[in-house]
Amino acid sequence: LIIYSMMNIASWLGLGLLHQATKSLAIQDYAGLGRKFSVVGICLTVIMLALIGMPPTAGFTAKLILWGKLW
């Protein structure tokens, strides 16, 4: 649960940072921000992959342990 909390906080902080850069909520205004903020884009990509539980991330390990305990 700690890992999930950290991933959720990190994803919202990253999205908040991009929102401050664009001053908009429209998805079209986020086009091209990957080139301008490449480090933030890479970090958000890894965080989002961890949230869905891709194997090389901590999200996979957290889900594996959680589902193992529930099973």
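The rules we used
- For every chain, the first residue of its written sequence is number 1, and the numbers climb from 1 along that sequence.
- The predicted origin of the model limits local features to residues at a pLDDT of at least 70 and limits the giving and counting of side-chain atom pairs to 80 or more, whereas totals for whole chains, interfaces and linings rest on all residues.
- Derived side-chain values reflect all non-hydrogen atoms in the structure, with water molecules and hydrogen atoms excluded from consideration.
- In this description a helix means any DSSP run of H or I spanning at least four residues, a strand means any run of E spanning at least two, and both kinds are numbered starting from the N terminus.
- Radius of gyration: C-alpha atoms only; globule rule: 2.2 Å multiplied by the number of residues to the exponent 0.38.
- Here's how the labels work: a residue is buried when its accessible area is under 20% of the maximum for its type, exposed when over 50%, partly exposed in between, all with a 1.4 Å probe on protein chains only.
- Every residue pair with non-hydrogen atoms within 4.5 Å of one another is taken to be in contact.
- Here the Shrake-Rupley method, with its probe set to 1.4 Å, supplies the accessible areas, and only the displayed protein chains count as covering residues.
- Here the expected span of a helix is defined as 1.5 Å times the quantity of residues minus one.
- In this context, the arc is that of the directions from the helix axis out to the C-beta atoms.
- For helices, the axis comes from a line fit to the C-alpha atoms of the stretch in contact; other axes are also lines fit to C-alpha atoms, and the angle between any two N-to-C directions lies between 0 and 180 degrees.
- Put simply, a crossing is left-handed when the front helix is turned counterclockwise from the back one by less than a right angle, and right-handed when it is turned clockwise.
- Side-chain classes follow a simple rule in which Ala, Val, Leu, Ile, Met, Phe, Trp, Tyr, Cys and Pro form the nonpolar group, Asp, Glu, Lys and Arg form the charged group, and the remainder, Gly included, forms the polar group.
- Patch definition: residues with relative accessible area over 30% and no salt bridge; like charges joined within 9 Å; nonpolar side chains (Val, Leu, Ile, Met, Phe, Trp, Tyr) joined within 5 Å.
- Salt bridge, as used here: a side-chain nitrogen of Lys or Arg that lies within 4 Å of a carboxyl oxygen of Asp or Glu.

(A) Local environment of the overall build of the protein chain. Along the backbone of the protein chain there are 4 helices and 0 strands. Beginning at the N terminus, the succession of helices and strands in the protein chain can be written as α-α-α-α. A globule of 71 residues ought to have a C-alpha radius of gyration of about 11 Å, yet the protein chain, at 14 Å, is considerably larger. Along the three orthogonal principal directions, the C-alpha set of the protein chain runs to about 45 × 20 × 15 Å. The burial tally for the protein chain puts 23% of its 71 residues in the buried class. Put simply, 50% of the contacts in the protein chain that link residues at least 6 apart link residues at least 24 apart. Accessible area for the protein chain stands at about 5,500 Å²; split by element, carbon and sulfur atoms hold 74% of it.

(B) Structural detail: helix 1 (residues 2-22). Between its first and last C-alpha atoms helix 1 spans 30 Å; for 21 residues at 1.5 Å apiece the expected length is 30 Å, and the two agree. Among the residues of helix 1, those classed as buried are Y4, M7, S11, G14, L18 and T22. Taken end-on, helix 1 shows its buried residues confined to a sector of 100 degrees, consistent with a single buried face. Summarising the geometry of helix 1, the exposed residues directed more than 90 degrees from the buried face are I2, M6, I9, W12, L13 and Q20. Where the residues of helix 1 are buried, they touch helix 2 (33-36), helix 3 (38-52) and helix 4 (58-70).

(C) Layout of unusual backbone geometry. Even without glycine at this site, K23 takes up a positive phi of about 60 degrees. When you line up the elements, K23 lands in the loop between helix 1 and helix 2. For K23, a relative accessible area of 67% corresponds to the exposed category.

(D) Inspection of the packing of helix 1 against helix 3 at higher detail. One can describe the packing of helix 1 onto helix 3 by two numbers: an axis separation of 10 Å at closest approach and a directional angle of 145 degrees. Once helix 1 is placed against helix 3, the crossing between them reads as left-handed. Across from M7, N8, A10, S11, G14, L15, L17 and L18 in helix 1, the residues of helix 3 making contact are V40, L44, I47, M48, A50 and L51. Taken together, the residues that form the contact of helix 1 with helix 3 break down as 11 nonpolar, 3 polar and no charged.

(E) Region of interest: a nonpolar patch on the surface. On the surface, W12, L15 and M48 cluster together into a nonpolar patch covering about 320 Å² of accessible area. Among the structural elements, L15 can be located in helix 1.

(F) Region of interest: the side chain of S24. As for its position among the elements, S24 is in the loop between helix 1 and helix 2. Taking relative accessible area as the criterion, S24 reaches 15% and is therefore assigned buried.

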